[in-house]
Amino acid sequence: MTNMSRARVARRIAAGAAYGGGGIGLVGAAAVGLVLAEVRMAQAAVHNGHSGGRVPTADGRYGLGYDAAGEPPLRLTMLGDSTAAGQGVHRAAQTPGALLASGLAAVAERPVDLTNVALPGAQSDDLDRQVALVLAAGSPVPDVCVIMIGANDVTRRMPPTRSVRHLSAAVRRLRTAGAEVVVGTCPDLGTIEPVRQPLRWLARRASRQLAAAQTIGTVEQGGRTVSLGDLLGPEFAANPRELFGPDNYHPSAEGYATAAMAVLPTVCAALGLWPEEERPDVTRREGFLPVARAAAEAAAEAGTEVTAAMPTGPRGPWALLKRRRRRQVEPLPSDQASGEARSRAGTAE
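Values in this document were obtained by computation on a predicted structure and should not be read as measured data.

Along helix H5 (residues 127-134), the residues that are buried comprise Leu127, Gln130, Val131 and Val134. End-on, the buried residues of H5 take up no more than an arc of 100°, which puts them together on one face. Residues of H5 that are buried make contact with strand S2 (74-80), strand S4 (144-148) and helix H7 (160-177).

Pasting the structure below:
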């Protein structure tokens, strides 16, 4: 499917989500049935998508060495499914929340308080419950929320319009409360090793269509997205044994670090912690595009950021598509609340 075709499908899904439609499919019904059967076999092989162990608890304060600056900690909250929770690793420091909190503290030179309300196995309709937890009376509003969701919507056949409707509502509530929002869009289910060709191609197509529609819904509510695609980078497809965890379904520590390194630059940009270039870098194919086209292009290239750019024009809302460079951040000292050792992530260059 071309980016233009994907853009049209994504726009239809997003429009259906906004205006109450529910019958728009990602791919043909027969093809979806085959994909789901294959993915379910893959999930069964890894205990229905669960690694069998507990999800490490990474909540706490990161960057305690920056307390001397005298500024209050930044507040980071993770929402979503098992990817946001960090299922598949054994140490809190290896979860994406801990990696993002450590990297954000290093960039901001301020402590970061991390809260994770993500639930393994969650679909987008669980975001309403998660947002209610985040915005509970008496709780401080996070400075930034990171949402990772979508894979379970595809495998469990949630209508994409419904999926995007729930995500858009979550972004809207968080933005209205005053939080910045960054969404890691639906990962590429075609990278799950037990899924074979040609069903792997169909799984990839369904995942990218939902990711593009998620981008439109998020950007229109004032959030930013980062394409998780094949969990962020060609190295994920090239080195599955290294970047998949022991269950061959959830990422390994290296996979989560790769994901965090791609999401962190956008988190920093959302908080105004990284200087923005005045103009997009055309050499990296950045630029202003109609939001549906930007969403389609981002879905096809992992690590690509999309954010709102200008008011609605003749071709609909416009967005800025960026492909941020990344570099390693020096790990923080071993000072996080959970007592875990160092973690690493990346930032924009």
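Resuming the write-up.
With that settled, consider the nonpolar core. Membership of the largest hydrophobic core comes to 35 residues, with the highest contact counts inside it found for Leu76, Leu100, Val146, Val182 and Val263. Formed by 23 residues, the second largest nonpolar core is a distinct cluster that contains Leu189, Ala294, Ala298 and Ala299.

On to the packing of helix H4 (residues 96-108) against helix H11 (residues 253-270), then. Two numbers describe how H4 lies on H11: the axes approach to 9 Å, and their chain directions differ by 45°. Relative to H11, H4 is oriented oblique. Considering only the axes of H4 and H11, their crossing is right-handed. Judged by residue contacts, Pro96, Leu99, Leu100, Gly103, Leu104 and Val107 of H4 engage Tyr256, Ala257, Ala260, Val263, Leu264, Val267 and Cys268 from H11. Among the residues forming the contact of H4 with H11, the class breakdown is twelve nonpolar, one polar and no charged.

This part is about the confidence of the model for the protein chain. Per-residue confidence for the protein chain gives a mean pLDDT of 77, with 65% of residues at or over 70. Between residues 46-52, whose pLDDT stays under 50, and residues either more than four places distant or in other chains, the model counts 15 contacts. A low-confidence stretch, residues 329-349 (pLDDT under 50), is modelled with 70 contacts involving residues beyond four sequence positions or located in other chains.

Glancing now at the side chain of Thr95. Its location among the elements puts Thr95 in the loop between helix H3 (82-85) and H4. A residue is classified by how much of its surface remains accessible, and Thr95, at 1% relative accessible area, is buried. When residues no more than four places from it in sequence are discounted, the contact partners of Thr95 are Pro56, Ala58, Ala85, Gly86 and Val89.

Our focus in this paragraph is the packing of H5 against H7. Closest axis-to-axis distance for the H5/H7 pair is 9 Å, and the angle between their directions is 10°. Overall, the two elements H5 and H7 adopt an arrangement that is roughly parallel. Contacts between H5 and H7 involve Leu127, Asp128, Val131, Ala132 and Val134 from the former and His166, Leu167, Ala170, Arg173 and Leu174 from the latter. Residue composition of the contact of H5 with H7, by class: seven nonpolar, one polar and two charged.

Evaluated as defined, the whole model comprises twelve salt bridges. Note that Glu297 is salt-bridged to Arg293, the shortest N-O span being 3.4 Å. With Glu297 and Arg293 both in helix H12 (residues 291-299) and four residues apart, the pair spans about one turn of that helix. Overall, Glu297 belongs to the buried group, its relative accessible area being 16%. Salt bridges here are not isolated pairs; linked through shared partners, they connect Arg285, Arg293, Glu297, Glu301 and Arg323.

What counts, and at which threshold
Residues numbered from 1 in each chain as written. Predicted model: local features only at pLDDT ≥ 70, side-chain atom pairs only at ≥ 80, totals over all residues. Heavy atoms only, no water. Buried < 20%, exposed > 50% of the residue type's maximum accessible area, 1.4 Å probe, protein only. Helix = DSSP H or I, 4+ residues; strand = E, 2+ residues; numbered from the N terminus. Arc of directions from axis to C-beta. Contact = heavy atoms within 4.5 Å. Core = buried A, V, L, I, M, F, W, Y, C linked by side-chain atoms within 4.5 Å. Axes fitted to C-alpha atoms, helices over the stretch in contact; angles between N-to-C directions. Parallel < 35°, antiparallel > 145°, perpendicular 65-115°, else oblique. Left-handed = near helix turned anticlockwise from the far one by under 90°. Nonpolar A, V, L, I, M, F, W, Y, C, P; charged D, E, K, R; others polar. pLDDT = per-residue confidence, 0-100. Salt bridge = Lys/Arg side-chain N within 4 Å of Asp/Glu carboxyl O.

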